[in-house]
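Structural overview for review
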Amino acid sequence: MVITQINMEFRFRGKKLRGFSCEMIRAPSGFIPETFSSIMCQVLFPFMFSIMGMVAAGLLANEVQHWTVFVEIKELLILIPSLLGLKGNLEMTLACRLSTAANTGKFDDPRQQQTMISSNLALIQVQATVVGLLAAVVALILEAISGQNLELSHIGVLCASSMITAFMAAIFLGILMICVVLGAQKMGINPDNISTPIAAMLGDFVSLCILAGTSSILYRYIDLYYLFPVICFFFFSLIPIWIFIINKSPSITQVLKTGWFPIITAMLISSLGGLIFNKTITEQKISAMAVFTPVINGVGGNLVSIQASRISTYLYSWSSPGVLPHNMRSFYPDPCATFCSSEINSVSARVLLLLVIPGHLMFLFFIYMMEKGEIEINLLFVVFYLVASLTQVLILLYLAEIMVRLVWHRSQDPDSHCIPYLTGMGDLLGTGLLSLCFLLDSFFINMHLKNSNIVEPGPP
């Protein structure tokens, strides 16, 4: 039990103070001080389980890239990082909003809790419907810019598959996040530490399964041109119902009005990563990209979402929107202060950094054991990969510290405005650095083979 609110009443007679009363409100969901070890214990196991979910998503991506629908409709490969990135844009943002609400005592009132849950679920349905269609349109535009011819039937399959995937994944993961946050609150665990890893554990795999399944089914009816506009119209016809539910919560209504720019921008950033992903597989013939991309993107987005959510909770607990605490007055903090100080946000950043190398080594071990003989992993690539993943997370954690402060100073909600940008940047950084790892590894291997084939001249 911790103090979450103090109400004081002063009684005056004329201009003289005659008495006062003080009421301390305690709640089990209040802000609880944490240590390095407590953060590590709460984050470690959900994070390790999330790695297994990402491994499953990577193996599935490696398999489905050879399916007929993905070979014929290459725009689907661009769509994969965008749709998997929606986990960061929507479900992780939802988890962070609910975690902050739970940590600041807003879930203590059952009626307020019910309103927040229903309005948040309705919000992500609206966002998933709109952004799902936009992701397909952006994939088509990027493919057209790169000089590829677009077929009308392929456009219909792509748009319908994208919307169905975004909608169904949002329902499943949204309900899961609500259960996780409520369960963590009852168990006395900080939801900030476990909600986003659990979203990552199932998010990529579920989204990819739905995309692969729906696109394969719709591809069988590719000649029925009227089917795809009907599917898109159906999902858009549900939007007025979701808006009616959202209007019951003023704070979520505000997110609906102001939260579009972050998630659309993040989707565009993820789409650039998708273009890199598509070109690396199709032009550079590096099929192993499909296995590694969900993991490096997922780990980066996972860890930075935890940090951004924790900083947001800290600000809501110790300050008011628009006012930064004294120890966070600088908008552009020193990197050493971000990672090496005794402040709780710096402590959590060090915990998250320490998880990067072990997490990726565990992933590489799983890949080596499960895909032995099909995917070659040499020591040079492992070094490149670990350096790239650590660089990605370092950049993201520092960006999170800066972005949350700037957004809070503008009296905006960091959970809704920061996490989409950060996860989108994580997708772009992860895909770009991973592609560079494969290209560097291929370059050094070819150079070694070339040097080994040079025959030294012998004696006459």
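The coordinates are above.
Every value quoted in this text rests on a predicted model; they were computed, and no experiment measured them.

**A word on the side chain of Thr253**
- The residue Thr253 is located in helix H9 (residues 250–258) in this model.
- In this structure, Thr253 is in contact with Ile246 and Asn247, ignoring residues within four places of it in sequence.

**Notes on the layout of surface pockets**
- Considering only enclosed or pocket space, the largest pocket measures out at about 400 Å³ in volume.
- Elements represented by at least two residues in the lining of the largest pocket include exactly helix H3 (75–103), H9 and helix H15 (414–417).
- Take the lining of the largest pocket: its biggest share by element is 5 residues, from H9.
- Within the lining of the largest pocket, the residues separate by chemical class into 6 nonpolar, 8 polar and 4 charged.

**Quick notes on the nonpolar core**
- Formed by 133 residues in total, the largest nonpolar core has its most connected members in Phe292, Phe363 and Tyr385.
- The leading source of residues in this core is helix H4 (residues 110–145), at 15 residues.
- Not counting the four nearest positions on each side in its chain, Tyr385 is found in contact with Phe292, Val295, Ile296, His360, Phe363, Leu364, Leu434 and Cys437.

**Digging into the environment of Tyr332**
- Structurally, Tyr332 is set in the loop between helix H11 (289–318) and helix H12 (335–340).
- Tyr332 sits 67 residues away from Leu399 along the chain, and the two C-alpha atoms are 9.3 Å apart.
- Residues in contact with Tyr332, not counting those within four places in the same chain, are Tyr398, Ile402 and Leu406.

**A look at unusual backbone geometry**
- In this model, Ser411 sits at a positive phi of 65 degrees, which is unusual for a non-glycine residue.
- Mapped onto the fold, Ser411 is located in the loop between helix H14 (379–409) and H15.

**Considerations on a nonpolar patch on the surface**
- The grouping of Leu380, Leu436, Leu440, Phe443, Phe444 and Met447 at the surface amounts to a nonpolar patch, some 500 Å² of accessible area in total.
- A per-element tally of the nonpolar patch places helix H16 (residues 419–452) first, with 5 residues.
- Along the chain, the position of Leu436 falls in helix H16.

Parameters and conventions
Residues numbered from 1 in each chain as written. Predicted model: local features only at pLDDT ≥ 70, side-chain atom pairs only at ≥ 80, totals over all residues. Heavy atoms only, no water. Helix = DSSP H or I, 4+ residues; strand = E, 2+ residues; numbered from the N terminus. Contact = heavy atoms within 4.5 Å. 1 Å grid on protein atoms, 1.4 Å probe; cavity = no way out; pocket = protein on both sides within 12 Å on 5 of 7 lines; lining within 4 Å. Points joined across faces, edges and corners; volume = space filled by probe spheres on them. Nonpolar A, V, L, I, M, F, W, Y, C, P; charged D, E, K, R; others polar. Core = buried A, V, L, I, M, F, W, Y, C linked by side-chain atoms within 4.5 Å. Buried < 20%, exposed > 50% of the residue type's maximum accessible area, 1.4 Å probe, protein only. Patch = residues over 30% accessible without salt bridge, like charges linked within 9 Å, V, L, I, M, F, W, Y side chains within 5 Å. Areas by Shrake-Rupley, 256 points an atom, 1.4 Å probe, with all protein chains shown as cover. Salt bridge = Lys/Arg side-chain N within 4 Å of Asp/Glu carboxyl O.

Read these as layout, nothing more, since geometry by itself doesn't imply function.
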